[in-house]
Amino acid sequence: MRTAQHPATRHWRHALAPGGLPLAGHALLMGRKPLQFLASLPAHGDLVELRLGPRPVFLPCHPELVQQVLVNARIYDTGGPVKEKAKPILGNGLITSDWADHRRQRRLVQPAFQAARIAKYAEVMEEACAAESTAWSARRPIDVSHEMLALTARVTARALFSTDMAPHAVAEIQHCLPIVVEGAYRQAIDPTGLLARLPLAANRRFDDALRRLNQLIDRMIDDYKAADDGDRGDVLSALFAAQDDETGGTMSDQEIHDQVMTLLLAGIETTASALTWTWFLLGRNPRAEAALHAEVDEVLGGRAPVYADVPRLAHTQRVFSEALRLFPPAWLFTRTTTEATELGGRRLPPASDVLISPYVMHRDPALFPDPESFDPDRWLPERAKDVARNSYLPFGGGSRKCIGDVFGMTEATLALAAIAGRWRMRPIPGTKIRPRPQMSLTAGPLRMIPEPR
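Now for a quick tour of the structure. Per-chain numbering applies: the sequence of each chain, read as written, is numbered from 1 onward. Given that this is a predicted model, residues contribute local features only at a pLDDT of at least 70 and side-chain atom pairs are listed and counted only at 80 or more, while totals for whole chains, interfaces and linings are drawn from all residues. Water and hydrogen atoms play no part in the side-chain values, which are based on all heavy atoms of the structure.

**Some points on the packing of aromatic side chains**
Two measures describe an aromatic ring pair: the distance that separates the ring centres and the angle between the ring planes. Note on aromatic pairs: the rings of Phe, Tyr and Trp (six-membered ring only in Trp) are paired at centre separations within 6.5 Å, and the planes decide the class, stacked below 30 degrees, edge-to-face beyond 60, tilted for the rest. Per the counting criterion, the structure on display carries nine aromatic pairs. Taking 6.5 Å as the distance between ring centres and 70° as the angle between the ring planes, the aromatic pair formed by Phe113 and Tyr121 counts as edge-to-face. Across this residue pair, the class does not change: Phe113 and Tyr121 are buried. Summarising the aromatic geometry, the rings of Trp136 and Trp423 are spaced 6.2 Å apart at their centres and angled 40° between planes, so their arrangement reads as tilted. Here Trp136 is found in the loop between α6 (115-133) and β5 (142-143), whereas its partner Trp423 is found in strand β10 (residues 423-427), with 287 residues between them in sequence. For every residue, the accessible area (1.4 Å probe, protein chains only) is compared with the maximum for its type, and the residue is labelled buried under 20%, exposed over 50%, or partly exposed between those bounds. Comment: elements are numbered from the N terminus, with helices defined as DSSP H or I runs of at least four residues and strands as E runs of at least two.

Listed below in structure tokens is the structure:
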């Protein structure tokens, strides 16, 4: 286990990633096997340089260096190729906005995720999770990935827009979102920028899905403005009402649009992916599954879970935390230096790109013993206290930590408890899935058999 040392006595190891090619650098490795490639780099150094095309990129592999990047948001601002390609899609929202804009936006959006609001959103979660848990037929295979995406789409859409959205509107989100996420990642990893301009069917699907999502958000914003009926207890109402304490300013319609798009993409795909991986892991770890069922039975006694149960579902939360460690949806994000600085004893000029990979940190045996094993009990309080700071980053960190982290944990806990209270999810023999690194770390289709408990 790595231990902290005083910076003056630290000898940082620097390395150049192996396998680079002339002109392309490591772009081909990142395009073909990004997870395996990145996870191999901590063995080479604490700060590893790689190249995407001709451009150098730096990957900190030690939690102290990761912390230095995350807590100095002004120097290590959001940036890099991922941000550049994502901004035309997400606009100037929380994920893509520069440091100064982000501080203001965070103040304006934060009230939408206060504890009292989360309790209100939990009513939507309770209803949606209960409906999901009763919708399946015994021993009829289901695509867990599809079901979890449908569940999180309903929850997120109704938390954003409290009015009962027409089924076709939720279906529109479910259809368009994966296409947008996949297309955005495809563009982000293309160092040439040429791929997006080719007349490919995939590009046409991406453009159409993005246009439809934008139109749906605009219609919802217009409907709210026309109704003008005050606080509905949802996210959109909170965004309209938000006022900056420092300046007295509010958000424009375009700013609200960009935040809604950001929250849709951040709130649906990521939680659905993490829940899918959780069922996959539970299906292959009977002891953890049995402990989950025992806790759900003890706490709920056969009824559906409610928000007040969440603090008592401690093992359920540990199960999800461990799934987030093994398969963090936000597996990679980028920062760019705004001025010359030093990282791990290495001078970085302005506009240097830095990669942070929670996947890499979470799979490092120097940080997590037996990192490939699914062990929810590693998050018991007496063991979790030994986890190095900034080595566990499922929601990012620093001032840009995911604003919906409590929302996502609450939703996942209620979903796991509601479904595990009724069903034992059995893997279909021979089923193989592999991580699909896109904008989030998805599993693709996962067929399982729900057996009544």
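Picking up where we left off.
**So, the layout of surface pockets**
Computed over the protein atoms alone on a 1 Å grid, cavities are sets of points where a 1.4 Å probe fits but cannot get out and pockets are open sets with protein on both sides within 12 Å along at least five of seven lines; a residue lines them when it has an atom within 4 Å of a point. Grid points are joined across faces, edges and corners, and a volume is the space filled by probe spheres set on the points. When its volume is computed, the second largest pocket comes out at roughly 410 Å³. Ser145, Leu149, Pro178, Glu269 and Gly444 are, among the 19 residues lining the second largest pocket, the residues nearest its centre. Broken down by secondary-structure element, the contributors of at least two residues to the lining of the second largest pocket are α7 (144-160), α8 (167-188) and α11 (253-283). Classification convention: Asp, Glu, Lys, Arg as charged; Ala, Val, Leu, Ile, Met, Phe, Trp, Tyr, Cys, Pro as nonpolar; all other residues, Gly among them, as polar. Residue composition of the lining of the second largest pocket, grouped by class: seven nonpolar, eight polar and four charged.

**Details of helix α5 (residues 99-109)**
Turning to α5, its buried residues number three or more, namely His102, Gln105, Leu108 and Val109. End-on view of α5: buried residues confined to an arc of 125°, all on one side of the axis. Note on definitions: a residue-residue contact is assigned when non-hydrogen atoms from the two residues lie within 4.5 Å. Buried residues along α5 sit against α10 (235-241) and α11. For this quantity, the arc is that covered by the directions from the helix axis to the C-beta atoms.

**So, the state of the cysteines**
The disulfide definition used here is simple: a pair of cysteine sulfur atoms within 2.5 Å. On inspection of all chains with the given rule, the structure shows zero disulfides. Looking at Cys129, it has no disulfide partner, and the nearest cysteine sulfur is the one in Cys402, 18 Å off. Given a relative accessible area of 2%, Cys129 falls into the buried group.

**Here we look at helix α9 (residues 201-227)**
Here the expected span of a helix is defined as 1.5 Å times the quantity of residues minus one. With 27 residues, α9 should cover 39 Å at 1.5 Å per step; its first-to-last C-alpha distance of 39 Å lies within 8% of that length. Turning to α9, its buried residues are Asn203, Phe206, Ala209, Leu210, Leu213, Leu216, Ile217, Met220, Ile221 and Tyr224.

As far as function goes, none of this settles anything; it's purely spatial.
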